[in-house]
Amino acid sequence: MAATTRSAVRSLPKYLLLIVILFWVFMPLYFLFAVSITPDGTTLDGLQPPPAVTGDNYEFVLTGQYVIWPALINSIIVTVGATVIAMVIAVPAAYALSHLRHKRSGRGTYLGFFVLRSVPPVALVLPLYIIFSGLGLLNTLHGLVFALIPLALPYSIWTLRVFFDAIPREVEEAASVDGAGTFRTFFSVVLPIATPGIAATSALAALQVYVDYIVVATLAGPATLTYPVYVTGFQQDYLALVGPLAAASLIGTLPMIAIFAFSQRYMRRLATAGIH
Amino acid sequence: MTERTSTIPFGRRTDTIAIVTQGKFPRRPSLGSRNSTGKYWFFLLPAAAVVLLLIVAPLGYTAYLSLRHYDLTRGINEFVGFENFAEILSGGDPEFVASLLRTLLYVVVVIAFDFVLGMTQALLLFSMRPATAKVFRILFMLPILIIPTASAVFWRTIMWSPPNEQFLRTLGLDHLVSPPLGDPQLALWAIIITVIWAWSPWVFLLLSGGLDALDRSVIEASTVDGASYFQRLRHIILPLMKPVIFVTLSFKAVDSFLSFPFVWVMTQGGPGGSTHLMSTYIYEQAFKFLNYGYGSALAIVMLVISSALSVGAVLYWNRTQGKEL
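Participant: Where do I start with the overall build of chain A in this structure?
Facilitator: What chain A contains, in helices and strands, is 14 helices and 0 strands. Listing each helix as α and each strand as β along chain A from the N terminus yields α-α-α-α-α-α-α-α-α-α-α-α-α-α. Principal axes of the C-alpha set define a box for chain A whose edges measure 75 × 75 × 30 Å. Scored against the burial criterion, the 276 residues of chain A give a buried share of 57%. The long-range share in chain A, meaning contacts at least 24 apart out of those at least 6 apart in sequence, stands at 73%. Total accessible area on chain A is roughly 11300 Å²; 68% of this is exposed by carbon and sulfur atoms. Computed over 14 positive and 11 negative side-chain charges, the separation of the two mean positions in chain A equals 20 Å.

Have a look at this one:
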């Protein structure tokens, strides 16, 4: 009895901390949800329950004049396009860097990709805007795909190498003794083993492309804007529409949930991915 | 030069030679043999081509523009050498210097809060039973499921701005504090709170993943020795976590240094330029004032600073850990 009381007292700070953190996480989420089901023009009174409940906001963004669909479809096209191209390029590069990691030049190249991550996006979109306007690539989806690849590529190469490093060299050597050339070894032996890591990295690369704002906001036009730019339209063009904004924000989480559900199994390995 | 050829590859080479000479039959060289690493450079060609085309070439164009007065509002486009840089480096643009210092403050504050919050969440999770931890992992990460710009607009319109200002209202501060996004003293802090809410779960997820990868028996052994919780934290858990913490925070630092969308969506740098980070200041120069030449010069300065910081992080890591990233 005394022991349980003592342990309850000792874990009291832990529970208090947990409550504070849950409040911090959920208070804004509550308002996001509450506003999305409250008629437009109503101001919620703090944590008091909404005075009236409606589905109008969802109906507005699903069927109204400022619907989500074009932006959502653009987002999917652009995200899949840029991620697939980036991965097709990143996978062989990361494989090579894994083999070259004992060489000074190989390590230098690897560090180069880390430094590429720190290139400011603003330093890229500025020239791309001028170049794209000359080439007629502004306001096109393929133009966006090109411009988004640099967001995913250095990160993917950096992360993927860890998964190739984890493949025992003996596996590859056995394949080569059996007469498989470098390319056959890569495609039929290495790639199948590395698939989980490639899948996880693709998911997180896709996430970075999906949430991008600066590239799309600069290079896209009304017909090609993606979801993250679309949601900002509610505050400029439709100033009072906080209800539809909240509804659109919540619908925009669905692709994120899909990506996370897919990559969740690999999260732990990705956490230690930068470390060798 | 001699050092490079005689260090690690030498050991491998003798091994291979030994194997080859012991065997009776001539063999294909194995993948680890000395002539074979060259072919891997071939696998890097596509990446090199894309980096050249989509990153290096545009940056080269930025560098070219930075040497010009290219200003669409004044209708000029002429070569001026290093005049833009002279203006920046001589302190001729105090707003840029202020945005640079503000960016550094922003990075430090965001990282500090992300780390304290993320580490607390990760440690709480670590002390739970696996099934409970699984639930709380999802609860804690919920904010990152919302697209950052959606979080930014939502916080701006619903949490900070009247008539909603629900953040202040819930805490009972709405009569004491003026609407923060309209107040030059408070606007940056309102943005920082938003950023921490929206994007800190990344730090939590990475730290929690690192914590779970630790060997629990070492930590449990120290409990038996009678070490208090904070002693264990300080002498066992944090030292073991050091690599994960360093990598997580340095990635986060780079991202925060380049941060653009929250400030741009919530205030566009206002009120009175009080929330401009480097990214937003440069973006405004280029795309609002259409001063591409000067904006390019600023972008080059920012590129140099951020590259130097990230190279510095790598070198620091190699030196202190004696390990190569």
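Participant: Help me out: how do you make sense of the environment of V263(B) in this one?
Facilitator: Here V263(B) shows up in helix α14 (residues 261-266). Put simply, V263(B) and V195(B) are 68 residues apart on the chain and 9.4 Å apart in space, counted from C-alpha to C-alpha.

Participant: Got a minute to help me understand the side chain of T157(B) in this structure?
Facilitator: Its place among the elements puts T157(B) in helix α8 (residues 148-160). Among the residues examined, T157(B) registers a relative accessible area of 13% and is labelled buried. In terms of polar contacts, T157(B) uses its side chain to reach the backbone carbonyl oxygen of V153(B), at 2.8 Å. For T157(B), the contacting residues outside a window of four places in its chain are Q235(A), V242(A), L245(A) and N164(B).

Participant: Is there a simple way to think about the pattern of salt bridges in this case?
Facilitator: Opposite charge on two side chains permits them to pair, given that their charged atoms come into close proximity. According to the stated counting rule, one finds 8 salt bridges over all chains in the structure shown. The closest approach of N and O atoms between D255(B) and R117(A), which form a salt bridge, is 3.2 Å. Of the two residues, D255(B) is situated in helix α13 (residues 229-257) and R117(A) in the loop between α5 (104-116) and α6 (121-135); the pairing between them involves two chains. For R117(A), a relative accessible area of 14% puts it in the buried group. Measuring nitrogen to oxygen at the nearest pair gives 3.0 Å for the salt bridge that ties D165(A) to R161(A). Taken together, the positions of D165(A) and R161(A), both in helix α7 (residues 141-165) and 4 residues apart, correspond to about one turn of that helix. A single burial state applies to D165(A) and to R161(A), both of which are buried. Taken together, the shared-partner salt bridges in this structure form one network comprising R101(A), R161(A) and D165(A).

Participant: What exactly am I supposed to notice about a nonpolar patch on the surface here?
Facilitator: All names here are of chain A. On the surface, L62, W69, I73 and I77 cluster together into a nonpolar patch covering about 360 Å² of accessible area. Per-element accounting of the nonpolar patch gives the leading share, 3 residues, to helix α4 (residues 69-99). Examined against the element boundaries, I77 turns out to sit in helix α4. Under the relative-accessibility criterion, I77 is labelled partly exposed at 41%.

Participant: Would you mind going over the nonpolar core with me for this structure?
Facilitator: The nonpolar side chains of a soluble globular protein tend to be buried with one another. Counting 188 residues, the largest nonpolar core has L153(A), L160(A), F164(A), Y227(A) and Y230(A) as its most contacted members. Excluding its chain neighbours within four sequence positions, the residues that come into contact with F164(A) are V91(A), A94(A), Y95(A), S98(A), R169(A), V190(A) and A194(A).

Participant: Quick question: what am I supposed to make of the environment of D93(B) here?
Facilitator: All names here are of chain B. Looking at the element boundaries, D93 is found in the loop between α5 (83-89) and α6 (94-126). Look at D93 and you get buried, because its relative accessible area is 8%. When neighbours within four sequence positions are excluded, D93 is seen to be in contact with E87, Y281 and Y294. Here the side chain of D93 touches Y294 through a polar contact of 2.5 Å, side chain to side chain.

Participant: Looking at this model, I keep getting lost on the packing of α4(A) against α7(A). Mind explaining?
Facilitator: In a pair of packed helices, the angle between the axes and the distance between the axes together describe the arrangement. Interhelical geometry of α4(A) versus α7(A) gives an angle of 40 degrees and a closest axis separation of 6 Å. For the pair α4(A) and α7(A), the sense of crossing is right-handed.

Participant: Help me understand helix α7 (residues 130-141) of chain B, please; the structure alone is not making it clear to me.
Facilitator: Here α7(B) spans 16 Å end to end across 12 residues, near enough to the 16 Å set by a 1.5 Å rise per residue. Every buried residue of α7(B) is accounted for by A133(B), F136(B), R137(B), F140(B) and M141(B). Down the axis, α7(B) shows its buried residues gathered within 125 degrees of arc, on one side only. Summarising the geometry of α7(B), the exposed residues directed more than 90 degrees from the buried face are A131(B) and K134(B). The secondary structure elements touched by the buried residues of α7(B) are α2 (12-36) and α13 (253-263) of chain A together with α6 and α11 (201-212) of chain B.

Participant: What is the right way to read the packing of aromatic side chains from this model?
Facilitator: When we look at a pair of aromatic rings, we describe it by the centre distance and by the angle of the planes. The final tally for this structure, using the stated rule, is 43 aromatic pairs over all chains. Between the aromatic rings of F287(B) and Y292(B), the centroid separation amounts to 6.1 Å while the plane-to-plane angle is 75 degrees, which identifies the pairing as edge-to-face. A relative accessible area of 4% means that Y292(B) is categorised as buried. Here the basic side chain of K14(A) rests over the ring of Y15(A), its NZ or CZ set 5.8 Å away from the ring centre. A cation over a ring is seen here: R216(B) above F126(B), with NZ or CZ 4.0 Å from the ring centre.

Criteria and cut-off values
Residues numbered from 1 in each chain as written. Chains lettered and ligands numbered in written order. Predicted model: local features only at pLDDT ≥ 70, side-chain atom pairs only at ≥ 80, totals over all residues. Heavy atoms only, no water. Helix = DSSP H or I, 4+ residues; strand = E, 2+ residues; numbered from the N terminus. Buried < 20%, exposed > 50% of the residue type's maximum accessible area, 1.4 Å probe, protein only. Contact = heavy atoms within 4.5 Å. Areas by Shrake-Rupley, 256 points an atom, 1.4 Å probe, with all protein chains shown as cover. Lys, Arg positive; Asp, Glu negative; His and termini not counted. Charge placed at Lys NZ, Arg CZ, Asp CG, Glu CD. Polar contact = N/O pair within 3.5 Å; in protein donor to acceptor, adjacent residues only side chain to side chain. Salt bridge = Lys/Arg side-chain N within 4 Å of Asp/Glu carboxyl O. Patch = residues over 30% accessible without salt bridge, like charges linked within 9 Å, V, L, I, M, F, W, Y side chains within 5 Å. Core = buried A, V, L, I, M, F, W, Y, C linked by side-chain atoms within 4.5 Å. Axes fitted to C-alpha atoms, helices over the stretch in contact; angles between N-to-C directions. Left-handed = near helix turned anticlockwise from the far one by under 90°. Expected span 1.5 Å × (residues − 1). Arc of directions from axis to C-beta. Phe/Tyr/Trp six-rings, centres within 6.5 Å; stacked < 30°, edge-to-face > 60°. Lys NZ or Arg CZ within 6 Å of the ring centre and 35° of its normal.

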